[in-house]
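These are the residues of each chain, in order.
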Amino acid sequence: MAAAPDTAGRSTARRKARAPAPRGLRLLGLRLAFLLACLVSWQGLVSTEVLSEFWVSSPVSLVRRFVAMLADGSLPLHTGITLGESLAGLVLGAAVGIAGGFLFARWELLAEVLEPYIMALNSLPRVALAPLLIIWVGIGLLSKIMLAFSLVAVIMLVNTYAGTRSIDPVLVNALRMLGARQRDIFVKITLPHSVPWIFAGLRVSVAFAYIGAVVGEFLGSTKGIGFLIDRASGAFNTTGILVPLLALMLLAVALNALMLRLEKRLLKWRPPQVGQL
Amino acid sequence: MATSRPADESWTPTKAAQSPGQAPAVECERLSMAFARDGGSPVAVLADITLRCPAGEFLSVIGPSGCGKSTLLNVIAGLLWPGEGVVRVLGQEVDGPHPRVGYMFQCDALLPWRTVLSNVEISLELAGVEKKERHARSRELLNTFGLSGFEENYPHQLSGGMRQRVSLARTLIRDPDILLMDEPFASLDSQTKLFLEDELLTIWERSRKTVIFITHDLDEAVSLADRVLLLSSRPARLMLEQEIELPRPRSATEARTHPSFQHHRSLLWEQLRKEVLRTMQGERPYGSRA
């Protein structure tokens, strides 16, 4: 259920098989070449009219439209709205989920009582809650934030709790023999041990927060990326659908990169990971 | 390493030279214990164990694997409650981890997110010792352990032997009177193991702390200890007690070549062999209800 962190604890710490040293520049070059090849063949297929621009748009029109929408301020406005909704949902959901996970770890009975309900809730496609949320709080920003929140909170709860459950009891006993009390155990073991699990959850959650916000916008909104896509779709405007998607993708990539950097900083105590994306 | 000096004045044998007639360092009286099993009758682990360990003694406890040696140690440490019986440490009845007792585990049990230095000093941190003093004391101790230069490394960057030494340093920085060791060298290769055994003996000669050393390695038990207790297969009861008459100070390597080493070893092996056989055949000859 939980998105497990790459469990490279003590057991795999001595593993000799390291990923080959990142040949940074070469890899970057190859990645860019791949992108370029895709774009050129896309443009080529459209220009030679093998594919119709009406159905698949084209890189050139995408860029043109992208720049135009940047210039008239519509893209920054709507992207900003969606970004705000997702981030609010992400932050709130993470806060509640992480706190809940630790609460469960502290009071196992609570976890045992609530477990079937959380599992039931988790198996429900939360996106289907959107109409209900719109009835409750209207089509404003709040319904999108709540949808993103509902997706993120459960993931973070399950992941944080799974993290606390995976603590080696020997560590706890060792610390008790060194004079630790219950509160010390939480601060010195539970918290730091859970950080990789929390990050694994956060990385999944970024995508889910966007999903919550955009789907919420599809169902009723006057602003945001979902609104732009919905409007363009009504006008059969392929380029108009793809440009906001592109903006969303760029944002997601940036946020993910930010998260990875933070994670690297906080988790420098871990052995090097093999084949991490 | 062997020429190193203790980091702390209090290691000098002042405490070991306690007056006779004082309460033994560790005392177990008629300990029995059973573990609950999912959907079954409880499994008896300890059966009526009584032992006394005077201050300054190096006591080894040996028995077939899975017999309950670690359970016994955890009960003495105050990490587990015995079903029946009493444990006293330094004359006090045990009701939780005792501040004068240090425990070393088979795995290093270091916190992977802490550097060597902050692992070693964690007990001082928990006791509220000021940062500067903490650092100074752990640096000095690491120095005597030949671990200078590794202060800022993380545990995963060290070899198994080094991690176990860090773990020992972490236990000793609190200067415990009693050292409980649960097969601390069992996961190391045989050369590292011999080396660390010698190191432990050097430290022990100087400080004469009370040591209870659990192992399943007969050679290790005999070469280190003043006295060896042999436990039966599960449920563990005391089978045999053997004073080891090997000269001190010893080295773990030289002790193994001493003529009376073989004598002690074969006496113990004769009994241990039977218990190992019982364990392997899965018999339960001591009235366990399972």
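Computed from a predicted model, the values in this text were never measured in an experiment.

Examining the sheet that holds strand E2 (residues 40-53) of chain B
All names here are of chain B.
Phase 1: In space, the four strands of this open sheet follow the order E2-E1-E4-E5, with antiparallel pairing throughout. The open sheet terminates on both sides in strands that have one partner only, identified here as E2 and strand E5 (92-93).
Phase 2: Note: strand E1 (residues 26-37) against E2, eight bridges, orientation antiparallel. Paired with Phe35 across the bridge in E2 is Val43.
Phase 3: In the packing of helix H1 (residues 69-77) onto the sheet, contacts are made with E1, E2 and strand E4 (84-89), and the angle to E1 comes to roughly 120 degrees.

A few points about the packing of aromatic side chains
Phase 1: Considering all chains together, one arrives at eight aromatic pairs over all chains under this definition.
Phase 2: Between Phe102 of chain A and Phe186 of chain A, the ring centres sit 5.2 Å apart and the planes meet at 85 degrees, which makes this aromatic pair edge-to-face. Linking Phe102 of chain A in helix H5 (residues 74-106) with Phe186 of chain A in helix H10 (residues 182-219), this pair joins segments that are 84 residues apart in sequence.
Phase 3: Take Phe102 of chain A: its relative accessible area is 11%, and that puts it in the buried class.
Phase 4: A relative accessible area of 33% places Phe186 of chain A in the partly exposed class.
Phase 5: Look at Phe58 of chain B and Phe213 of chain B: their rings are 5.9 Å apart centre to centre, the planes differ by 40 degrees, and that puts the pair in the tilted class. In this pair, Phe58 of chain B is assigned in strand E3 (residues 58-62) and Phe213 of chain B in strand E8 (residues 210-215), connecting sequence segments 155 residues apart. For the residue pair Phe58 of chain B and Phe213 of chain B, the accessibility class agrees, reading buried in each case.
Phase 6: Ring pairs connect the aromatic residues Phe58, Phe185, Trp204 and Phe213 of chain B, which therefore count as one cluster.
Phase 7: The ring of Trp107 of chain A carries Arg106 of chain A above its face, with NZ or CZ at 5.3 Å from the centroid.
Phase 8: Above the face of the Trp269 of chain A ring, Arg270 of chain A is positioned so that its terminal group lies 5.8 Å from the ring centre.

So, how was this worked out
- Residues numbered from 1 in each chain as written.
- Chains lettered and ligands numbered in written order.
- Predicted model: local features only at pLDDT ≥ 70, side-chain atom pairs only at ≥ 80, totals over all residues.
- Heavy atoms only, no water.
- Pairing = 2+ DSSP bridges.
- Helix = DSSP H or I, 4+ residues; strand = E, 2+ residues; numbered from the N terminus.
- Contact = heavy atoms within 4.5 Å.
- Axes fitted to C-alpha atoms, helices over the stretch in contact; angles between N-to-C directions.
- Phe/Tyr/Trp six-rings, centres within 6.5 Å; stacked < 30°, edge-to-face > 60°.
- Buried < 20%, exposed > 50% of the residue type's maximum accessible area, 1.4 Å probe, protein only.
- Lys NZ or Arg CZ within 6 Å of the ring centre and 35° of its normal.

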